[in-house]
Amino acid sequence: QVQLVESGGGLVQAGGSLRLSCAASGSIFSINRMGWYRQAPGKQRELVAAITSGGTTTYADSVKGRFTISRDNAKNTVYLQMNSLKPEDTSVYYCHSYVVVSRGYEYSYWGQGTQVTVSS
């Protein structure tokens, strides 16, 4: 079984920064796309940013220019650097990865979520 553990969430004032981390552990052969999603109360879960194994990135329009996703394959870890945070960024942020557990077997995994709160 593969486990994804997020860290780095917390409370920050508008205009501040946070860095989220997500470390994967368990039976891992390799990891394909990794990403960050968020879901605020009363809203649907949305993709914030994603990065492929080759380094190609995707961002939601609402975070472009402010957030940066990166990964360290040696550590099986993905990061989300969040700058110029706004109150509307307040949400629970979830890490997601497509993990190859053995040759030819890829599965989808989610982290438990970490709360990010941005005050005015």
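Just so it is clear, the structure is predicted and the values come from calculations on it, not from any experiment.

> If you had to explain unusual backbone geometry to someone new, which residues and values would you point to?
Although it is not a glycine, Asn76 sits at a positive phi angle of roughly 50 degrees. Tracing the chain through its elements places Asn76 in the loop between β7 (67-72) and β8 (77-82). One non-glycine residue, Ser84, adopts positive backbone phi at about 50 degrees. Checked against the element boundaries, Ser84 lands in the loop between β8 and β9 (91-102). A relative accessible area of 41% places Ser84 in the partly exposed class.

> Can you break down the sheet that holds β7 residue by residue, with the values?
Judged by pairing direction, the sheet is antiparallel, and its 4 strands sit side by side in the order β1-β3-β8-β7 without closing on themselves. Only two strands of the sheet have a single neighbouring strand rather than two, namely β1 (2-7) and β7. With strand direction ignored, the average angle separating the axes of adjacent strands in the sheet is 15 degrees. As judged from the 6 bridges shared by strand β3 (residues 18-26) and β8, these two strands associate in the antiparallel manner. Of the residues in β8, the one forming a bridge with Leu20 is Leu80.

> Which residues make up the pairing of strand β5 (residues 46-51), and what are the values?
Where strand β4 (residues 30-39) lies against β5, 5 bridges are found, and the strand directions are antiparallel. Bridge pairing in β5 places Gly35 opposite Ala50. Where β4 folds back on β5, the antiparallel hairpin that results is connected by 6 residues, among which Gly42 adopts a positive phi of roughly 80 degrees. Linking β5 to strand β6 (residues 57-59), which pair antiparallel, is a turn of 5 residues; within it Gly55 sits at a positive phi near 100 degrees.

Reading guide: rules and limits
- Residues numbered from 1 in each chain as written.
- Predicted model: local features only at pLDDT ≥ 70, side-chain atom pairs only at ≥ 80, totals over all residues.
- Heavy atoms only, no water.
- Helix = DSSP H or I, 4+ residues; strand = E, 2+ residues; numbered from the N terminus.
- Buried < 20%, exposed > 50% of the residue type's maximum accessible area, 1.4 Å probe, protein only.
- Pairing = 2+ DSSP bridges.
- Axes fitted to C-alpha atoms, helices over the stretch in contact; angles between N-to-C directions.

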